[in-house]
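Residues per chain are reported as follows:
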Amino acid sequence: MSDTANLAAKTRAAIETWMLEHREFPPPPEFAVQANVNDPAVYERAATDLEGYWAEEASRLDWYRPWDTVLEWNPPFAKWFEGGQLNVSVNCLDRHVQAGGGDKVAYYWEGEPGDRKTLTYRDLHDEVNRAANALKALGVKRGDRVAIYMPMIPELPIAMLACTRIGAPHNVVFGGFSSDSLADRINDSQARVVITADGGYRRGKASGLKVNVDEALAHTPSIEHVIVVKRTGQDVTMVDGRDLWWHDLVPRQADWCEPERMESEDMLYLLYTSGTTAKPKGILHTTGGYLTGVASTHRQVFDIKENDIYWCAADIGWVTGHSYIVYGPLTNHTTGVMYEGTPDWPDPARWWEIIERYGVSIVYMAPTAIRAHMKWGPKYAEQHNLSSLRLLGTVGEPINPEAWIWYHDHIGGGRCPVVDTWWQTETGCIMISPLPGITTTKPGSATKPMPGVDADVVNDRGESVPVGEGGYLVLKKPWPSMLRGIYGDPERYKATYWSRFPGMYFPGDGARRDGDGDYWLMGRVDDVMNVSGHRLSTTEIESALVDDKRVAEAAVVGREDELTGEAIFCFVILKSGVDAVPELGEELRQHVATKIGPIARPRQVMFTPDLPKTRSGKIMRRLLRDIAVGRPLGDTTTLADTGVVELIREATRSAADDE
Ligand code: WTA
């Protein structure tokens, strides 16, 4: 079984890390004293009265109508706060404006070229209302899906909130995805409208987005209109009657749009993520439970106060941006920073400059970014005054202790707690994380399940494993922001998450627990890779490779990489008569980038005459991973040498033993 082999390899690596790592950081007393949560009784309270705990968290929101039941649990289908009615945009905006908080800054936005904008809660409220009216004017109704494909500009959260105001679920597609990936997601969700921009800025260049939308729209019959924000001013084609400029359509709308009273279990959004097959899954989130989960965890984990300046450096195209740039922070009336571009433009000091300029007090970023900064060196951070920081967070992949310590020392000045937060697109909100006023942190450990989260580490038979032993992470109780399904595919929802260990949610991660009950995440144990914190499916990349006429077969594995966590390594068998020239390797790498998106561009392609398979025909990825690890990563294309070929043949011959 490939998961088991994966788990064994991960356990070996993780145990080495753990044996070396003994440092502990109790919460600084001055932090603990002022923390939103500093009484450990919260864990006990949530464990003994799960529904009471979540009901209390949900009461921090504004509801038009209170719920009748907190939880209806027909495993694996949950309903939270049934009977309750609310509107997300009202919770994020109207109630703050009505309470006198309209002048507070919602976002300090900074474009990559250096242009800046400040939006107050009132500004955001008015823009969202106009955008909502614009969608209505195009015929978008409650329940219709709207696709959003945008750079990190203010119109992106405005578009999302406008959808929530009229009850039209959004489907945000990360701007780094290709036109094919966009078309697949539009078709699966049957969206009626796409909101996009002409392009965006990345590393000093204007990249095109509308051009990708145009290509996608050749295959997406459900789309009736495209709304285009002018960001870069590049030339774009506008189709009469179908395509409309945001600046023509939105500003002329009224700044009041009556919010829809949504049912708690109405769909809020779809967000597609990679699974173990070639077809991405439309993760379905609903309204009341999701908002409760993200607002509650944002307040607790980031210790949000009225005067904080909070910066989550993720892209809104991923779940981290949905939950912790848009919905959690706005519900909590937080002032946020939003930045369009890359960390090293025009030089690697850009992020630290932003922290100094806005006086950021809480920052949340991916381990990959921290490792990139480590490589560039601390001198860029040293050029800037980072003394406004009081709390640091990480998300997206396991953080190696060395990067944790670097972050703690060089960015946090040794005084800020670090919260390593484990969660997924599917969980909606943070599930395992320190509470910075309570938890003693350990570099490399996400520490404890959040209050109300019942986690465990189990073996193949679903039994808890002893302290220190590697196993599968599972979650044993429902939580409000859990996914409600995979759009249009309840069977796949059951099979993917709930069938491996009956009655338990299986996220696909390996983990260990130490004697203090702290969790050490070990990465994915399925065929999902994590490259720079981005989830990618090996199967999806394999099918992109096989899509090239010259390729007979392909196998893709993630190999460990110092900077990106994992790097994509492809084994390719060519059709007979096709020459394995290095240029072909380059072409195939480019082909994958075109088919899926630049984030999926393989690091290396290796041509081989064979692939190791079990007798039932399953590719033995474990062996391929071992081979990949033995290869230098300098060249992007290599030909399997005789040693490798022999290894593969040998494995294939003895495959029977492996089954
Ligand atoms: C991984 C991102 C270790 C994990 C929020 C999970 C992590 C996948 C951590 C979800 C962490 C995320 N430590 N691993 N702190 N955070 N992961 O859906 O493998 O893009 O299953 O959600 O990222 O990725 P997704």
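Analysis parameters
All residue numbers refer to positions counted from 1 along the written sequence of the respective chain. Local features in a predicted model are, by the rule used here, given only for residues with pLDDT of at least 70; side-chain atom pairs are given and counted only at 80 or more, and totals for whole chains, interfaces and linings are based on all residues. Hydrogens and water molecules were not included; the side-chain quantities draw on all heavy atoms of the structure. Throughout the structure description, domain borders are defined by an automatic or database domain assignment. Residues count as neighbours in contact if any of their non-hydrogen atoms are within 4.5 Å of one another. Buried area: the accessible area, evaluated with a 1.4 Å probe, that two parts lose upon being put together, summed over both parts. Salt bridge, as used here, is a side-chain nitrogen of Lys or Arg placed within 4 Å of a carboxyl oxygen of Asp or Glu. Under this definition, polar contacts are N or O atom pairs within 3.5 Å; protein pairs additionally need one hydrogen-donor-capable and one acceptor-capable atom, and for neighbouring residues in sequence, both atoms have to be side-chain atoms. We call Asp, Glu, Lys and Arg charged. Ala, Val, Leu, Ile, Met, Phe, Trp, Tyr, Cys and Pro are nonpolar, and the rest, Gly among them, are polar. Only buried residues count toward a nonpolar core, which is a set of Ala, Val, Leu, Ile, Met, Phe, Trp, Tyr and Cys residues joined through side-chain atoms within 4.5 Å. Only protein chains enter the calculation, and the probe is 1.4 Å; a residue is then buried if its accessible area is under 20% of its type maximum, exposed if over 50%, and partly exposed in between. Only DSSP runs of H or I covering at least 4 residues are called helices, and only runs of E covering at least 2 are called strands; the numbering of each starts at the N terminus. Near, as used in this document, describes a residue that has one of its heavy atoms within 4 Å of the molecule or strand being considered. All accessibility values rest on the Shrake-Rupley procedure with a 1.4 Å probe; residue burial counts only the protein chains present in the view. Ring geometry is summarised as follows: Phe, Tyr and Trp rings, the Trp one being its six-membered ring, pair when their centres sit within 6.5 Å, and such pairs are stacked at plane angles under 30 degrees, edge-to-face over 60 and tilted between the two. We count a charge as sitting over a ring when the NZ of a lysine or the CZ of an arginine lies within 6 Å of the ring centre and within 35 degrees of the ring normal. Pairing between strands is defined by DSSP: at least two bridges between them are needed. Here the axes come from fitting lines to C-alpha atoms, over the contacting stretch only for helices, and the angles between their N-to-C directions go from 0 to 180 degrees.

Asker: How would you summarise the domain arrangement of the chain if you had to cite specific residues and measurements?
Answerer: Segmenting the chain into domains produces domain 1 (88-260) and domain 2 (528-658). Measuring from the centre of the C-alpha atoms in domain 1 to the corresponding centre in domain 2 gives 38 Å. Across the boundary between the two partners, domain 1 contributes six residues, which contact seven residues of domain 2. At the boundary of domain 1 with domain 2, total buried surface from both sides reaches about 500 Å², with 50% on carbon and sulfur atoms. Our count for the contact surface shared by domain 1 and domain 2 stands at one salt bridge. Our count for the domain 1 to domain 2 interface comes out at five residue pairs in polar contact (both at pLDDT 80 or more). The residue inventory of the side of domain 1 that touches domain 2, partitioned by class, reads two nonpolar, three polar and one charged.

Asker: Please set out the nonpolar core residue by residue, giving values where relevant.
Answerer: In this structure, L124, I148, I195, F302 and Y327 are the most contacted members of the largest nonpolar core, which totals 111 residues. The leading source of residues in this core is helix α7 (residues 155-166), at eight residues. Listed in part, the 40 residues of the second largest apolar core include A216, I541, A544 and C570.

Asker: Please provide a residue-by-residue account of the site of the ligand, values included.
Answerer: Surveying the vicinity of the ligand reveals 17 residues, the closest of which are D420, T421, T425, D509 and R535. One nitrogen or oxygen atom from the main chain of E397 is found 3.4 Å from a nitrogen atom belonging to the ligand. Separating an oxygen atom of the ligand from a side-chain N or O atom of R524 is a distance of 2.9 Å. Within the complex, 97% of the 520 Å² of free accessible area of the ligand lies under protein. Secondary structure elements with two or more residues in the shell around the ligand: α12 (319-331), β20 (418-421) and β25 (519-524). Partitioned by chemical class, the residues of the shell around the ligand number six nonpolar, six polar and five charged.

Asker: I'd like a rundown of the packing of aromatic side chains, residues and numbers included.
Answerer: All told, the structure shown has 31 aromatic pairs when counted by the stated rule. Relative to Y364, the ring of F302 has its centre 4.6 Å away and its plane inclined at 65 degrees; by these criteria the two rings are edge-to-face. Here the residue F302 occupies a position in the loop between α11 (288-301) and β16 (309-312), and Y364 occupies one in strand β18 (residues 362-365), the gap between them amounting to 62 residues. Across this residue pair, the class does not change: F302 and Y364 are buried. With a centroid separation of 5.4 Å and an interplanar angle of 75 degrees, the aromatic rings of W311 and W351 are classed as edge-to-face. Here W351 lies in helix α13 (residues 350-358) and W311 lies in strand β16, a separation of 40 residues in the sequence. In terms of burial, W311 and W351 fall into one category: buried. By way of ring pairs, the aromatic residues W73, F77, W479, Y493, Y497, W498 and Y505 are connected into one cluster. One Lys or Arg, K117, reaches over the ring of W109 and ends 5.7 Å from the middle of that ring. A cation sits over an aromatic face here: R261 above Y64, 4.3 Å from the ring centre.

Asker: Mind laying out the sheet that holds strand β5 (residues 116-120), listing which residues take part and the relevant values?
Answerer: Backbone hydrogen bonds hold the strands of a sheet together, and the pairing may be parallel or antiparallel. Pairing is mixed across the open sheet formed by seven strands, whose spatial order is β5-β4-β17-β16-β18-β19-β20. Each edge of the sheet is formed by a strand with only one pairing partner; in this case those strands are β5 and β20. With direction set aside, neighbouring strand axes in the sheet form an average angle of 20 degrees. Here five bridges tie strand β4 (residues 105-110) to β5, and the two strands are oriented antiparallel to one another. Counted as the bridge partner of W109 is K117 from β5. Packed on one face of the sheet, α12 meets β4, β16, β18 and β19 (391-395) and runs near 160 degrees to β16. Each of β18, β19 and β20 is contacted by helix α16 (residues 401-411), which is oriented at about 155 degrees to β19, the strand it contacts most.

Asker: Lay out the pairing of β4 in plain terms, naming residues and giving numbers.
Answerer: The element β4 is largely enclosed, with a buried count of five among its six residues. Hairpin geometry of β4 and β5 is characterised by an intervening segment of five residues between the two adjacent antiparallel strands and by a positive phi of about 110 degrees at G114. As paired strands, β4 and strand β17 (residues 335-339) are joined by four bridges and run parallel to one another. The residue of β17 that forms the bridge with Y108 is V337.

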